[in-house]
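Structural features, examined
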Amino acid sequence: MTSPPDIPPPTDLSGRPALSDADLLTRHIEGDTTAFSEIVKRHRDRMWAVALRTLGDPDEAADAVQDAFVSAYRKAESFRGDAAVTTWLHRIVVNACLDRMRRKSVRPVADDELIEAAERDMPLPDQTAEREVSLEVTAALKLLPADQRAALVLVDMMGYSVEDAAAVLDVPAGTVKSRCARGRAKLAPILSHLRNRSDLTRVSSPKGAQLRDG
């Protein structure tokens, strides 16, 4: 199984390639006080998207991402290098979300608040229909068990392959397939009215990723 590659590092002011995520993590472990900040800068938006779509609540998502980065900062030496740094970070963020979902019920969030939070770092064209669909999907996802919701967010909304989602969730690929299948089966009757909207065979999420209806 192959892991998703780290995001290609940007170039520095001299035009030379910047350090890779793995190099930055190594420097952090060795005592570089700025290295981890660069990792956060590179990946916080995507981690935020995963947390928001998993929890459906901007405040809970922000807290989960903060908890995850603090955990990654403190446990950087646990990174084994057998997966990309991005996979390792996603795993920590998803686990932080699942912990919050298990500890307490996530409070309901107003539609306009969710739209504002989702678009804060990811602006979209003004497409009311897509927003409505996104909110319906978010509400429906909250009805699923935590493990099924996490699998669907990664595979159907964030666009991960089953194998890469399995690496993030630290479970076999077959388990991810099973969780996605059960989750889609539960969502199908709830979201069946969306199938004929704009010829959707999958339900669009706010960033163009999609949720299969089965």
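All residue numbers refer to positions counted from 1 along the written sequence of the respective chain. Per-residue local features are limited, in this predicted model, to residues with pLDDT of at least 70; the limit for side-chain atom pairs, both in listing and counting, is 80 or more; totals at the level of whole chains, interfaces and linings are taken over all residues. Values reported for side chains reflect all heavy atoms of the structure, with hydrogen atoms and water molecules removed beforehand.

As recorded in an unreviewed UniProt entry, the protein goes by the name RNA polymerase sigma factor SigM, listed as coming from Herbidospora solisilvae. UniProt positions are given in the numbering used here, feature names are shortened, and annotations may be inferred rather than shown by experiment. Looking at the Sequence similarities (unreviewed entry) heading of the UniProt record, one finds this comment for the protein: "Belongs to the sigma-70 factor family. ECF subfamily."

1. Quick look at the overall build of the protein
Strands here are runs of E lasting at least two residues and helices are runs of H or I lasting at least four, both read from the DSSP assignment and numbered beginning at the N terminus. Counting its regular elements, the protein contains nine helices and two strands. Reading the protein from its N terminus to its C terminus gives the helix and strand order α-α-α-α-α-α-α-α-α-β-β. Expressed as a percentage of the 214 residues in the protein, the buried residues total 48%. Look at the contacts in the protein between residues 6 or more apart in sequence, and 66% of them connect residues 24 or more apart. The Shrake-Rupley method, run with a 1.4 Å probe sphere, supplies the accessible areas, and residue values consider only the shown protein chains as cover. Surface accessibility of the protein: about 11100 Å² in total, with carbon and sulfur atoms responsible for 50%. For the exposure calls, accessible area comes from a 1.4 Å probe over protein chains only, and a residue counts as buried if that area is under 20% of its type's maximum, exposed if over 50%, partly exposed in between. Throughout, a residue-residue contact means that at least one pair of heavy atoms, one from each residue, lies within 4.5 Å.

2. Focus: the side chain of Arg149
With respect to the element layout, Arg149 can be found in helix H7 (residues 146-157). Comment: no salt bridge for buried Arg149; closest opposite-charge side chain is Asp147, at 8.7 Å. Polar contacts, as counted here, are pairs of nitrogen or oxygen atoms within 3.5 Å of one another; within protein the pair requires one atom able to donate a hydrogen and one able to accept it, and residues that are adjacent in sequence qualify only if both atoms are side-chain atoms. Here the side chain of Arg149 touches Lys142 through a polar contact of 3.3 Å, landing on its backbone oxygen. Contacts of Arg149, omitting those with residues within four sequence positions, involve Thr54, Leu55, Met101, Leu141, Lys142 and Leu144. For the charge count, each Lys or Arg is scored as positive and each Asp or Glu as negative, with His and the chain ends excluded. A pairing counts as a salt bridge when a side-chain nitrogen of Lys or Arg comes within 4 Å of a carboxyl oxygen of Asp or Glu.

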